[in-house]
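# Chains, contacts and geometry: an overview
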Amino acid sequence: MNEERQEGDEAMKKLPMAAPKVEAPMIAASVVVAPTVAAPAVAAPTVETPAKALPTATINSGSRREKVTGFALGLREIEALVPRFEPGDRKTLSAAAWLDTVSAIFRQYGVRDEHSVLMASMRLKGAAKSWFEGMRGNLYTWEIFGEALKEFFPGEIDNLAIHQKLREGKKRRSETAEEYCYGKMALAQQIQLDFNTLTSYIVAGIQDPNLRSILSTSRYDSLPEIVLTINCHEASQNLDRWSRDHRREDRHSSCRDSRRDERRGEWRDYRRGR
């Protein structure tokens, strides 16, 4: 047992000795700073500012309501800048002076010509407003509007001249009932003429004898009733005229057909005779 142990110890001594542990020296690594690269500037996106919406106006026109856009002035600006025109009011300018004032305002604020008449009409009051509602179909430019306004509302009121205009004014074939009646009313209101006298002037200016007879034998309480009677009569007259023209055309057409058939028969007879 002891011998085996001694042999083991000797065998252990013959084994090579392990190398002593040597620690590797610490070497400080140099820190390398990465170069700074300037990032390219990125342009901020351009945001378009929405265009300012043009004012929108809703205007009462008789029985209609019109919405108009594109005004250089809003309704509040018009009321603040444009003086009102009301014939008979002592504070109201004459038609010529009022037109000059309004024209200067519109030029200053860049009001387009197609909007001038409608914007100015918002400041018409009393008889001028009624006159415009009846005549607006013919007042399509600023120049025509101005000339008509000065004609119907002169600076100095001459009663005899207005009575003469009412007496001599006749309804033209191309003139609507509204234009004729409201034009007469605008003149009558300047001298505060009563409704019955105005009605007599309206009836006297009707050139159709049948319509004049209908109006003179009827009683009316308002101007729209007279306008309605004139419109109905003219519509009936137009329908009768169209019916007569249509029947005349049918007769001419039948005569042409009959004559053509006769000529065809004569031609057939001629060929058979040959």
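Details of the structure are given in the entry above.
What you are looking at is a predicted structure, and each value in this text was computed from that prediction instead of being measured. (Residues numbered from 1 in each chain as written. Predicted model: local features only at pLDDT ≥ 70, side-chain atom pairs only at ≥ 80, totals over all residues. Heavy atoms only, no water.)

### Observations concerning the pattern of salt bridges
Just so we agree on the cut-off: When a carboxyl oxygen of Asp or Glu is within 4 Å of a side-chain nitrogen of Lys or Arg, the pair counts as a salt bridge. Secondary structure counts use DSSP, requiring at least four H or I residues in a row for a helix and at least two E residues in a row for a strand, with both numbered from the N terminus. For the exposure calls, accessible area comes from a 1.4 Å probe over protein chains only, and a residue counts as buried if that area is under 20% of its type's maximum, exposed if over 50%, partly exposed in between.
Under the criterion given, the structure shown has five salt bridges. Two residues, lysine 150 and glutamate 147, come together in a salt bridge whose shortest N-O distance is 3.7 Å. Here the residue lysine 150 and the residue glutamate 147 both occupy positions in helix 6 (residues 142-152), the gap between them amounting to three residues, near one helical turn. For lysine 150, a relative accessible area of 36% puts it in the partly exposed group. Glutamate 147 sits in the partly exposed class, given a relative accessible area of 49%. Put simply, glutamate 175 and arginine 172 hold a salt bridge, and the shortest N to O gap is 3.9 Å. Judged by its relative accessible area of 11%, glutamate 175 falls in the buried class.

### So, the packing of aromatic side chains
Any aromatic ring pair is given by two values, namely how distant the centres are and how the planes are angled relative to each other. Under the convention used in this document: Planes of paired rings set the category: under 30 degrees apart is stacked, over 60 is edge-to-face and the rest tilted, where pairs are Phe, Tyr or Trp rings (Trp by its six-membered ring) whose centres lie within 6.5 Å.
Counted by the stated rule, this structure contains eight aromatic pairs. A ring pair is formed by phenylalanine 85 and phenylalanine 153, whose centres lie 5.9 Å apart and whose planes are at 80°; its orientation type is edge-to-face. Highlighted residues: phenylalanine 85 in the loop between helix 2 (75-81) and helix 3 (95-108) and phenylalanine 153 in the loop between helix 6 and helix 7 (159-168), separated in sequence by 68 residues. The exposure class assigned to phenylalanine 153 is buried, which follows from its relative accessible area of 3%. Note on tryptophan 131 and phenylalanine 152: the rings are 5.8 Å apart at their centroids and 45° apart in plane angle, and the pair reads as tilted. With tryptophan 131 in helix 5 (residues 127-135) and phenylalanine 152 in helix 6, this residue pair connects regions lying 21 residues apart in the sequence. Exposure remark for phenylalanine 152: the relative accessible area of 14% places this residue in the buried category. Among the aromatic side chains, those forming a connected cluster through ring pairs are Phe85, Trp98, Phe106, Trp131, Phe132, Trp142, Phe145, Phe152 and Phe153.

### Quick look at helix 9 (residues 195-204)
Test applied: Whenever two N or O atoms come within 3.5 Å, that pair is a polar contact, provided that in protein one can donate a hydrogen and the other can accept it, and provided that, for residues adjacent in sequence, both atoms are side-chain atoms.
All of the buried residues along helix 9 are Leu198, Thr199, Tyr201, Ile202 and Val203. The opening residue of helix 9 is aspartate 194, an N-cap whose side-chain oxygen sits 3.2 Å from the backbone nitrogen of asparagine 196.

### Points about helix 4 (residues 113-121)
Where burial is concerned, most of helix 4 is hidden: seven out of the nine residues are buried. Turning to helix 4, its buried residues are His115, Ser116, Val117, Leu118, Met119, Ala120 and Ser121.

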